[in-house]
Amino acid sequence: MYKVNLRKTNIERRKLRVRKKISGTGTTPRISVFRTNKHIYAQLIDDVKGHTIASVSVEIEKTVKGKTKTEIAFEAGKALAEKAKEKKIKEAVFDRNGFRFHGRVKALAEGAREGGLKL
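Residues numbered from 1 in each chain as written. Predicted model: local features only at pLDDT ≥ 70, side-chain atom pairs only at ≥ 80, totals over all residues. Heavy atoms only, no water.

As named in an unreviewed UniProt entry, the protein is Large ribosomal subunit protein uL18, taken from candidate division WWE3 bacterium. Turning to the protein, the UniProt record has this under Function (unreviewed entry): "This is one of the proteins that bind and probably mediate the attachment of the 5S RNA into the large ribosomal subunit, where it forms part of the central protuberance." (UniProt positions renumbered as here; feature names shortened; annotations may be inferred.)

Here you go:
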């Protein structure tokens, strides 16, 4: 029980340490990533207004089937970049949300870059 509580507090601390250094605006929003074992979610957030500009969820976006989770995360990044293009957003800051920058989180960032966003 103690290890579970310690792990949760470490995750929260790491998340706050990352978040105090970055902030999103209307022209350069923050890409916030949330990862579970099955799904990956990403949002474009304007921190000044406190609004979500666009979001992508792999469980909702059923266009990607029969691929690995890393490939799906890459496709989700490209989908987020397409939604950002529709809103005329070219630049964003990346918030890894306390997760390590490798694997699915890195694949999502690379997909967003390939889709046309400058991170």
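Next up on the list: the nonpolar core. One finds Ile 31, Val 33, Leu 44, Phe 94, Leu 108 and Leu 117 to be the most contacted residues of the largest nonpolar core, which totals 24 residues. Taken together, the elements giving at least two residues each to this core come down to β1 (30-35), β2 (40-46), β3 (51-57), α2 (69-86) and α3 (104-114). Top contributing element to this core by residue count: α2, with six residues. If we ignore the near neighbours within four places in the chain, the residues touching Leu 117 are Ile 31, Ala 81, Ala 84, Ile 89, Lys 90, Glu 91 and Ala 112. (Core = buried A, V, L, I, M, F, W, Y, C linked by side-chain atoms within 4.5 Å. Buried < 20%, exposed > 50% of the residue type's maximum accessible area, 1.4 Å probe, protein only. Helix = DSSP H or I, 4+ residues; strand = E, 2+ residues; numbered from the N terminus. Contact = heavy atoms within 4.5 Å.)

In this section: the packing of α2 against α3. Two numbers describe how α2 lies on α3: the axes approach to 7 Å, and their chain directions differ by 35°. The handedness of the crossing between α2 and α3 is right-handed. Where α2 abuts α3, its residues Lys 69, Thr 70, Ala 73, Phe 74, Ala 76, Gly 77, Lys 78 and Ala 81 lie against Arg 104, Ala 107, Leu 108, Glu 110, Gly 111, Ala 112 and Glu 114. Partitioning the contact of α2 with α3 into residue classes produces seven nonpolar, three polar and five charged. (Axes fitted to C-alpha atoms, helices over the stretch in contact; angles between N-to-C directions. Left-handed = near helix turned anticlockwise from the far one by under 90°. Nonpolar A, V, L, I, M, F, W, Y, C, P; charged D, E, K, R; others polar.)

As a further point, take the environment of Asp 46. Among the secondary structure elements, Asp 46 is positioned in strand β2. A residue is classified by how much of its surface remains accessible, and Asp 46, at 5% relative accessible area, is buried. Filtering out sequence-adjacent residues up to four positions away, Asp 46 remains in contact with Gly 24, Thr 25, Gly 26, His 51 and Ile 53.

Attention now goes to the side chain of Arg 104. If you trace the backbone, Arg 104 turns up in helix α3. Looking at Arg 104, its side chain comes within polar contact range of the main-chain oxygen of Thr 36, at 2.8 Å. Other than its neighbours up to four places away in sequence, Arg 104 contacts Arg 35, Thr 36, Asn 37, Lys 38, His 39, Ile 40, Lys 69, Thr 70 and Ala 73. (Polar contact = N/O pair within 3.5 Å; in protein donor to acceptor, adjacent residues only side chain to side chain.)

As a further point, take the sheet that holds β1. Overall, mixed pairing links the four strands, which are arranged β3-β2-β1-β4 in an open sheet. Either end of the sheet is taken by a strand with one partner, and the two such strands are β3 and β4 (93-95). The average undirected angle you get between the axes of adjacent strands in this sheet is 20°. Strand direction decides the pairing type here: β1 and β4, joined by three bridges, are parallel. By the bridge assignment, Arg 30 is partnered in β4 with Val 93. Docked against the sheet, α3 engages β1, β2 and β4, running at close to 145° with respect to β1. (Pairing = 2+ DSSP bridges.)

Moving on, we come to the environment of Ala 92. Structurally, Ala 92 can be placed in the loop between α2 and β4. The class for Ala 92 is buried, based on a relative accessible area of 5%. Taking the C-alpha atoms as reference points, Ala 92 and Glu 71, 21 residues apart in sequence, are found 22 Å from one another.

Here we take up the pattern of salt bridges. Under the defined criterion, the tally for this structure stands at five salt bridges. The partner of Asp 47 in a salt bridge is Arg 19, and the shortest N-O contact between them spans 3.9 Å. With Asp 47 in the loop between β2 and β3 and Arg 19 in helix α1 (residues 2-19), this pair connects stretches of sequence that are 28 residues apart. Of the charged contacts in the structure, one is a salt bridge between Glu 75 and Lys 67, with a shortest N-O distance of 3.7 Å. (Salt bridge = Lys/Arg side-chain N within 4 Å of Asp/Glu carboxyl O.)

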